[in-house]
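A closer look at the structure
In case you want the letters, here they are:
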Amino acid sequence: MRKRWSKKAILKSWKKNWLVYVFWLPAVVYIAVLCYAPMYGVQIAFRNYRIADGFFGSEWVGLKWFRKFFDSPRFWLILKNTLTVSLYSLVVGFPAPVFLALAMNNIKNLKYKKFAQTITYMPHFISTVVLVGMMHVMFSPRSGVVNTILSWIGLSGNYFFMGEPRYYIHMYVWSGIWQDMGWNSIIYMAALAGTDQSLHEAARIDGANKWQRMWNIDLPGIMPIICIMLIMQFGNIMSVGYEKVYLMQNALNSRQSEVISTYVYKIGLLKREYSYSTAIGLFNSVINFGMVISMNKVIKKISGNGLW
């Protein structure tokens, strides 16, 4: 039977563990102020919002802005671009830190291991603006390193990579992998550090080589973490960060690079259509929420691991 707490028992617990609640309080305030309080403004999506009229003074229009977005000729294009970038990043980018962590875990030379970890972590601290600036310089059609190398091997060496729509998604995804692969591997490295070393010793005695131990001991050991991270990644399937996309976007690749986040930015801040942009953002959040629920059920059924 479920234990029922009396008021006296609750007060006793508060007095006994008050220090724990003090440490817990900043996190609660942070989440309440930055995550739950803004939900009050979601009603803008159902109103014809005007700043002068306020939230409750603005006219209630129901699902008008949602219908406008769904009927928009750009809806399917934006949705397709968003899903293409997200799924490409997930399929290619999600396994990369796992493989890196497994490789790092098997390096025996501590000096080389620390050096390799530092090199792979460093790109994470490069700002998005600097990263895109580096890409513009490296892939410049006139003086870029990439085009210079292509000219050396006999190719034209005059490709405008940043303006070619067919290259846009590959440059976006692989530059993101280079930047975040090392940083994202930290959580898997921490999980691997907790692996029972007696299992490796027993496997060595039985004649298992390094690859067999990695596949049968290390990988299953971090599988719960992999499942949780995968569910969280699916929860962001519709949330492609607008900063990098917006910085890489230009008139030549805009048809392939326009995603929901950049569209919301342009509609909401540049055109000041607050209700319309809020409706699109709410639609985005609902899809992400549904993906978290669905993937948690699927992965929990397959592997037995989940967020709840």
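Report follows, based on the coordinates. Everything quoted here is computed from the prediction, not taken from an experiment.

Moving on, we get to the overall build of the protein chain. When helices and strands are tallied, the protein chain shows 17 helices and 2 strands. Taken against the 2.2 N^0.38 rule, which gives 19 Å for 308 residues, the C-alpha radius of gyration of the protein chain at 25 Å runs more than 25% over that of a compact globule. Viewed in the frame of its principal axes, the protein chain has a C-alpha envelope of about 80 × 75 × 35 Å. Counting all 308 residues of the protein chain, 36% fall into the buried class. Across the protein chain, contacts joining residues at least 24 apart in sequence account for 64% of those joining residues at least 6 apart. In the structure as shown, the protein chain presents an accessible area of about 19,800 Å², 67% of it carried by carbon and sulfur atoms.

Once that is clear, we can look at the packing of aromatic side chains. Scanning all chains against the criterion turns up 25 aromatic pairs. Seen in terms of ring centroids, F125 and W183 are 5.3 Å apart; in terms of plane orientation they differ by 85°. Their pairing is edge-to-face. Note that F125 is positioned in the loop between α7 (110-121) and α8 (128-138) and W183 in helix α10 (residues 165-184), a separation of 58 residues in sequence. With centroids separated by 5.1 Å and ring planes inclined at 70°, the aromatic side chains of Y246 and Y265 adopt a geometry described as edge-to-face. Of this pair, Y246 sits in helix α14 (residues 242-248) while Y265 sits in helix α16 (residues 260-270), and the two are 19 residues apart along the sequence. When its relative accessible area of 32% is taken as the criterion, Y246 is described as partly exposed. Taking the relative accessible area as the measure of exposure, Y265 reaches 22% and is therefore partly exposed. The rings of W65, F69, F70, F75, W76, Y263, Y276 and F283 are connected pair by pair, giving a single aromatic cluster. The residue whose ring lies beneath K64 is W65, and the NZ or CZ to ring-centre distance is 4.6 Å.

On the surface, a cluster of nonpolar side chains totalling about 1,000 Å² of accessible area is made up of W24, L25, V28, V29, Y30, I31, V33, L34, Y36 and M39. Inspection of the secondary structure puts I31 in helix α2 (residues 18-36).

Let us look at the packing of helix α12 (residues 197-205) against helix α13 (residues 210-234). Their axes nearest at 10 Å, the elements α12 and α13 cross at an angle of 150°. As far as their axial angle goes, α13 and α12 are roughly antiparallel. In the crossing of α12 with α13, the sense of the turn from one axis to the other is right-handed. Taken together, the residues of α13 that come into contact with α12 (itself represented by L199, H200, A203 and R204) are R213, I217 and D218.

In this section: the packing of α8 against α10. What describes two packed helices is the angle between their axes and the distance between those same axes. Orientation of α8 relative to α10, taken along the N-to-C sense of each, is 125°, at an axis distance of 12 Å. As the angle between them shows, α8 and α10 are arranged oblique. Like other packed secondary-structure pairs, α8 and α10 cross with a definite hand, here right-handed. Of the residues in α10, those touching α8 at L131, M134 and M135 are M171, S175, W178 and Q179. Across the contact of α8 with α10, the residue classes break down as 5 nonpolar, 2 polar and no charged.

Our next topic: the pattern of salt bridges. Inspection of the entire model under this criterion finds 4 salt bridges. K68 is the salt-bridge partner of E273, the closest N and O atoms lying 3.5 Å from each other. Residue E273 is found in the loop between α16 and α17 (274-303), and its partner K68 is found in helix α4 (residues 64-71); the two are separated by 205 residues along the sequence. Overall, E273 belongs to the partly exposed group, its relative accessible area being 27%. Between R166 and E164 there is a salt bridge, and its shortest N-O distance comes to 3.6 Å. For R166, a relative accessible area of 53% translates into the label exposed. The partly exposed category is assigned to E164, whose relative accessible area is 27%.

A few words now on the side chain of N284. Checked against the element boundaries, N284 lands in helix α17. Those residues in contact with N284 that sit more than four places away from it in its chain are M238, S239 and I260.

Criteria and thresholds
As a convention, each chain's residues are numbered from 1 in the sequence order in which they are written. In keeping with the predicted nature of the model, local features appear solely for residues at pLDDT of at least 70, side-chain atom pairs appear and are counted solely at 80 or more, and the whole-chain, interface and lining totals rest on all residues. Side-chain metrics rest on all non-hydrogen atoms present in the structure, leaving aside hydrogens and water. Secondary structure elements follow DSSP: runs of H or I of four or more residues count as helices, runs of E of two or more count as strands, with numbering from the N terminus. Computation of the radius of gyration draws on C-alpha atoms, with the globule rule given as 2.2 Å multiplied by the number of residues to the power 0.38. Each residue's exposure class comes from its accessible area (1.4 Å probe, protein chains only) as a fraction of the maximum for that residue type: buried when under 20%, exposed when over 50%, partly exposed otherwise. By definition, residues are in contact when any of their heavy atoms lie within 4.5 Å. Method for areas: the Shrake-Rupley scheme with a 1.4 Å probe, in which residue coverage is limited to the protein chains shown. When the centres of two rings from Phe, Tyr and Trp lie within 6.5 Å, Trp using its six-membered ring, the rings pair. Their planes under 30 degrees apart give stacked, over 60 give edge-to-face, and anything left gives tilted. Only when the NZ atom of a Lys or the CZ atom of an Arg is both within 6 Å of the ring centre and within 35 degrees of the ring normal do we say a charge sits over the ring. To count toward a patch, a residue needs a relative accessible area above 30% and no salt bridge. Like charges then connect within 9 Å, nonpolar side chains (Val, Leu, Ile, Met, Phe, Trp, Tyr) within 5 Å. The working definition used for a salt bridge is a side-chain nitrogen of Lys or Arg within 4 Å of a carboxyl oxygen of Asp or Glu. For helices, the fitted axis covers only the stretch in contact; all axes are lines through C-alpha atoms, and the angles between them, taken along N-to-C directions, range from 0 to 180 degrees. Each angle gets one of four labels, with under 35 degrees taken as roughly parallel, over 145 as roughly antiparallel, 65 to 115 as roughly perpendicular, and the rest as oblique. Left-handed describes a crossing whose near helix is turned anticlockwise from the far helix through less than a right angle; right-handed describes the clockwise counterpart. Three residue categories are used. Nonpolar comprises Ala, Val, Leu, Ile, Met, Phe, Trp, Tyr, Cys and Pro, charged comprises Asp, Glu, Lys and Arg, and polar comprises the others, including Gly.

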